[in-house]
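# Breakdown of the fold
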Amino acid sequence: MFDQPDQPERPQQGPPQRSGRSRALIITAGVLVALFIALTGFSTFWTERLWFRSVNYSEVFTTLLWTRVGLFLVFGGLMAGVVALNIVLAYRFRPFFLNAPASDASLERYRDAITPIMGWLLAGVSLLMGAFAGASASGQWRSYSLWRHSQPFGTRDPYFDRDAGFYVFDLPWWHYVTDFVMALAVIGLMAAAVVHYLYGGIRLSGPGGDRVSGAAQVHLSVLLGVFVLAKAADYWLDRFDLVTGSGSLFTGMGYTDDQAVLPAKEILTGIALICAVLFFLNIWRRTWMLPSLGIALFALSAILLGLVVPGVVQQFQVSPNVPDKEGPYIAENIEATRAAYDLDDIEVTPYSSEPNTDGDLDTLDAATSSVPLVDPKVVSATFEQQQQVRAYYSVPDVLDVDRYEIEGKDRAVVVGVRELDQAGLAEGDRTWSNLHTVYTHGNGVIAAFGNQRPEDDERQSANVQWAEGQETDESSLTDLSPDGYESRVYYGEKSPTYSIVGKTASGSDVELDLPKGERGDENQVTTYDGEGGVPVGNLFDKLLYAVKFGEPNLVLSGRVHENSKILYDRHPRTMVEKVAPWLTVDSDPYPVVVDGRIQWVLDGYTVTDKFPLSQRESLEEMTDDSLAEDLGFQTLPTDEINYMRNSVKATVDAYDGTVTLYEWEPDPISQAWGEVFPDILQPREEIPDELLEHLRYPDDLFKVQRYQFAKYHETDAKEWYDASTRWEVPTDPEAETRLQPPYRLFVDDTWALTSVYVPRGRANLVSFVSVNSDATSEDYGKISVLELPNERTDGPGQIANELSSDEDVREELLSFSQGGVTPIPGNLLTLPVGDGLMYVQPLYAQRSGTAESSFPILRFVLVSYGDEIGIGTTLREAIADVLGVSPEEPTSEPPVAETPDEGEPPTEPEPSGSINDQIRSLLAEAEDKFEAADRAQANGNTVAWARLMEEGRDLISEAFALAEQRDG
């Protein structure tokens, strides 16, 4: 008896054991995957917390964390509670006696399977829906924070008489709350309907009678009533969106919106309220007739009032009479746009360009002595070849322009940070130890005087004049600080993903450094001792960072020890965006040397796309030009904005990563965020005077303003619509698919950011625009426009064409075609000089080919003034050529003769052959010098490389001089 049940079990013992092992493996794999996901998530969270603590902005991380957690719990809990409540109610009031037809037999099997696990199913579905809702709500932390701390703008819209703060701060949050209530009703309705169907409260077929039980009818009616009630609130809020909505012509309320869409929203709100009441009445009447009629009327009204009527009004009333119908609304759009982009105070002055080509050379030379000839886009290779000295250092492709007071005079300076570029390491040297513990930082700044004049500013040179370089005599910026400046750059635009720094008490330095001046054969090493960075001395932190970066060496390597720190997230823009997540940060951080440190300066903007009636445009499109990079817009779901202020100036210390935020131009948005994150903005008065001298009007803000002013300089609604006076920014003559960028230069001794306009669709010049960029001036931020009369004045594109086709210029440039030299045109500058506008363009020469030693050298300056074109090796020569006079000044430094041996008379080689033969000989000799320089650089002999490069350039200069003599 006892053996009988055992007989069939014996042959089945094998398969269950294998099945048990499989289940164990699956469970183990699942647990490991879950642990890995949990560890990855925790490492991301914890290392982020450590990073914020390392830069002393823990309160930002804490505020963000608890705000998002709070929103997740509240809204996720509401969704989970509503779903659970509806499932429980549907289950609680299920019919106890079912008269199910045969076709519902399958439901019986589902009920039998679900009922035993109903509690688990209830918890799982509720928590899942709650998690989705909570995640969505946590992403609304910006809208919630602004709603909690809303501020008045002090301006009211003319249609609803609401302060602009209502649209910027309150309306987005109320829209989300309304949408969330509708989502609650819909998800609750779906959950209730499924349970009612499973347990017979809703039947799709069967013999007569009601197919919906009384309890199910009451339950569903309440949920539908809540949904329609929330939809009524949504329609009511949609009314206010009309003043921020984008139309085909402009942003804001239009005639059709005012006369058709707005009444339709109000009528639909009323109909929705009636439908909600009908659904609630269905609790007692228990008939779907009236709610069904209400919903049908609602749908029909939404189609007629929301689509048909506005279309008819637009087609038959507005389109035939746009200027008359839309005129008052365009006027409101113009007023709001000018206020939102701060265009109201732009000063437009009539300007008659009457250049005097019979003028005095010295006067024009003095007026143009500060004109920058060093093009920050062209000379990057020159900076690298002459100043980087190691392949693993580099400067940006586009350098920055700043000003420094040197010997009592403001000088425009082209600046680049010598940053670490690990791509310059040989493939075999890119070990983990080298990449993350040896090559950790850049070193110093490289700067050249923008007008190519030396420190005394007395005369223009044919060569780049260094304001700060690698040699000891190139130290104009270093000399501004009594003790020099900290040159090591651990935080920059090209910093490695992460670096491990620090050494043990008995250890030695391992980080490669670059000292200034004379260098021996041995490399210099250093150790970072700044305050920045996250300590990783314990195993727990090592493990978290090993997971974060996917690198086991962070745990295994002996170079990660008890004194180690890890530096990461080091790009200045990334750092400011993290500690001030409400800011949109300018795309161009720029370095300054102040108070013995290199500081990255960044401009932070408060923006919104909800300012009433203001024109909304893509920020990327407005800031695009031939120098622009991807902006990476962060603070809005799209990159469209219709309001912008430069509310914050930020600095990041290039050595220790200290981030400082200064309140620059407070506005309601920045004030609201100041309440969300208190005490992280320093008052404007705390900005050091030395730093204040380097703060400037931001590029992206100026680009946005010039983009909008091209259309909104016109304040008459009819003229605005006709577009007969519409302006536009010209394309860059050297990059015709991109707009010409603004340029920084001195205008009438004022540090300014400048640009020009041409009429829409035309190439002639219509106006010159500049903004005072001197932060120490009372007129800082004042935008001035010089508007030319309705006479033909050549624009940049036309001038570039004239310069390239001028016969005298072509003859001068003929020598470029000899000796493998390629001409490279620099930026075409426009500036008011005397009583007219002058165009100045530097022209560089670069040896053709891909040799690493090839770099651009300034060889000519082209000038257009009045109807005359001039060319010279210096700006003074070019102006003299325009005036038809002698420059009366040496155009280049006299050659330094070699010192003969004592007792030996100096000798000079006599030239032989024709001038063309001499030119070819000089160019061939220069080519030999450059090739020898390449070999010296490959062998690491930087001294010989520099000497040979200079000799080669001198030979090319001699060849050009002979060519000029021949053609003269």
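Keep in mind the model is a prediction, meaning the values are calculated, not measured. (Residues numbered from 1 in each chain as written. Predicted model: local features only at pLDDT ≥ 70, side-chain atom pairs only at ≥ 80, totals over all residues. Heavy atoms only, no water.)

## Section: the overall build of the protein
A count of helices and strands for the protein gives 26 helices and 34 strands. By the burial criterion, 50% of the 968 residues in the protein qualify as buried. Relative to all contacts within the protein whose residues are 6 or more apart in sequence, the contacts with residues 24 or more apart total 70%. Within the structure as shown, the protein displays about 45000 Å² of accessible surface, and the carbon and sulfur contribution to it stands at 54%. (Helix = DSSP H or I, 4+ residues; strand = E, 2+ residues; numbered from the N terminus. Buried < 20%, exposed > 50% of the residue type's maximum accessible area, 1.4 Å probe, protein only. Contact = heavy atoms within 4.5 Å. Areas by Shrake-Rupley, 256 points an atom, 1.4 Å probe, with all protein chains shown as cover.)

## Thoughts on the pattern of salt bridges
Inspection of every chain in the model, using the stated rule, returns 30 salt bridges. Two residues, Asp-344 and Arg-338, come together in a salt bridge whose shortest N-O distance is 3.3 Å. Residues Asp-457 and Lys-409 are paired through a salt bridge, measuring 2.6 Å at the closest nitrogen-oxygen approach. With Asp-457 in the loop between strand E7 (445-449) and strand E8 (466-468) and Lys-409 in strand E4 (residues 409-417), this residue pair connects regions lying 48 residues apart in the sequence. On the basis of relative accessibility, which here comes to 11%, the residue Asp-457 falls in the buried class. The exposure class assigned to Lys-409 is partly exposed, which follows from its relative accessible area of 40%. Overlapping salt bridges, with partners in common, bring together Asp-362, Asp-365, Arg-453 and Arg-876 in one network. (Salt bridge = Lys/Arg side-chain N within 4 Å of Asp/Glu carboxyl O.)

## Comments concerning the layout of surface pockets
There is about 690 Å³ of room inside the second largest pocket. Along the wall of the second largest pocket there are 35 residues; nearest its centre are Val-398, Leu-399, Asp-400, Asp-588 and Leu-627. For the lining of the second largest pocket, the secondary structure elements donating two or more residues are strand E3 (400-406), helix H20 (699-712) and strand E26 (743-747). Considering every element that reaches the lining of the second largest pocket, the biggest residue donor is H20, with three residues. (1 Å grid on protein atoms, 1.4 Å probe; cavity = no way out; pocket = protein on both sides within 12 Å on 5 of 7 lines; lining within 4 Å. Points joined across faces, edges and corners; volume = space filled by probe spheres on them.)

## Focus on helix H16 (residues 572-579)
Here H16 lies mainly inside the structure; seven of its eight residues are buried. Where H16 is concerned, the buried positions are Pro-572, Arg-573, Met-575, Val-576, Glu-577, Lys-578 and Val-579.

## Regarding the sheet that holds strand E10 (residues 498-501)
Through backbone hydrogen bonds, the strands of a sheet pair up, either in parallel or in antiparallel fashion. On the basis of which strands lie adjacent, the open sheet formed by three strands has the order E10-E14-E13 and antiparallel pairing. What marks the edges here is a single partner per strand, and that holds for E10 and strand E13 (534-535). Packing of helix H14 (residues 539-549) onto the sheet brings it into contact with E10, E13 and strand E14 (565-568), and relative to E14 it is tilted by some 25 degrees. (Pairing = 2+ DSSP bridges. Axes fitted to C-alpha atoms, helices over the stretch in contact; angles between N-to-C directions.)

## Quick word on the pairing of E7
Burial of E7 is extensive: five of the five residues sit out of reach of the surface. Taking every second residue as pointing to the same face, both faces of E7 are buried, with Val-445, Ala-447 and Phe-449 on one and Ile-446 and Ala-448 on the other. Sheet topology places E4 next to E7; five bridges connect them, and they run antiparallel. Note on E7: the bridge partner recorded for Val-417 is Val-445. Pairing analysis gives two bridges linking E7 to E8, with the strands arranged antiparallel. Note on E8: the bridge partner recorded for Ala-447 is Glu-468.

## Digging into the pairing of strand E33 (residues 857-865)
Sheet faces and side chains relate simply in a regular strand, where the side chains alternate between the two faces. When you tally the buried positions in E33, you get nine out of nine residues, the bulk of the element. Inspection of the sheet shows strand E32 (residues 836-847) paired to E33 by eight bridges, in the antiparallel sense. By the bridge assignment, Val-840 is partnered in E33 with Val-863. Note: E33 against strand E34 (residues 868-872), five bridges, orientation antiparallel. Bridge pairing links Val-861 to Gly-872 in E34. Counting the residues between successive antiparallel strands, the hairpin from E33 to E34 contains two residues, one of them, Gly-866, with a positive phi of roughly 65 degrees.

## Details of the packing of helix H7 (residues 214-241) against helix H8 (residues 255-285)
Look at H7 against H8: their axes get within 8 Å of each other, and the N-to-C directions meet at 165 degrees. Here H7 lies roughly antiparallel to H8, going by the angle between them. Considering how the two elements wind past one another, H7 and H8 form a crossing that is left-handed. Looking at the contact of H7 with H8, its residues break down into 18 nonpolar, five polar and four charged. (Parallel < 35°, antiparallel > 145°, perpendicular 65-115°, else oblique. Left-handed = near helix turned anticlockwise from the far one by under 90°. Nonpolar A, V, L, I, M, F, W, Y, C, P; charged D, E, K, R; others polar.)

## A word on empty space enclosed by the protein
Tallied over the entire structure, the rule returns nine cavities of 30 Å³ or more. Looking at the largest cavity, its volume works out to about 100 Å³. In this structure, the largest cavity is lined by 13 residues; those nearest its centre are Arg-847, Phe-855, Ile-857, Phe-930 and Ile-956. Among the secondary structure elements, those contributing two or more residues to the lining of the largest cavity are E32 and helix H26 (942-967). When residues of the lining of the largest cavity are assigned to their parent elements, the largest contribution, four residues, is made by H26.

## As for the sheet that holds E3
The strand order across the open sheet formed by four strands is E3-E4-E7-E8, and the pairing between neighbours is antiparallel. The sheet terminates laterally at E3 and E8, the two strands that pair on one side only. Across the sheet, the axes of successive neighbouring strands diverge by a mean angle of 40 degrees, strand direction being ignored.

## Some thoughts on the environment of Asp-609
Mapped onto the elements of the fold, Asp-609 is located in the loop between strand E17 (597-608) and strand E18 (617-618). For the pair Asp-609 and Met-644, spaced 35 residues apart in sequence, the C-alpha to C-alpha distance is 9.3 Å.

## A closer look at the nonpolar core
Core analysis: the largest hydrophobic core is formed by 148 residues, its most contacted members being Tyr-57, Leu-661 and Phe-677. With 13 residues, helix H6 (residues 164-198) is the single largest residue contributor to this core. Not counting the four nearest positions on each side in its chain, Phe-677 is found in contact with Val-60, Thr-63, Leu-64, Trp-141, Pro-581 and Trp-582. By size, the runner-up hydrophobic cluster in this structure holds 56 residues, among which are Val-371, Val-378, Leu-765 and Val-882. (Core = buried A, V, L, I, M, F, W, Y, C linked by side-chain atoms within 4.5 Å.)

## Looking at the packing of helix H4 (residues 118-138) against H6
Look at H4 against H6: their axes get within 12 Å of each other, and the N-to-C directions meet at 170 degrees. As far as their axial angle goes, H6 and H4 are roughly antiparallel. Of H6, the residues touching H4 (which contributes Met-129, Ala-133, Ser-136 and Ala-137) are Tyr-176, Phe-180 and Ile-187.

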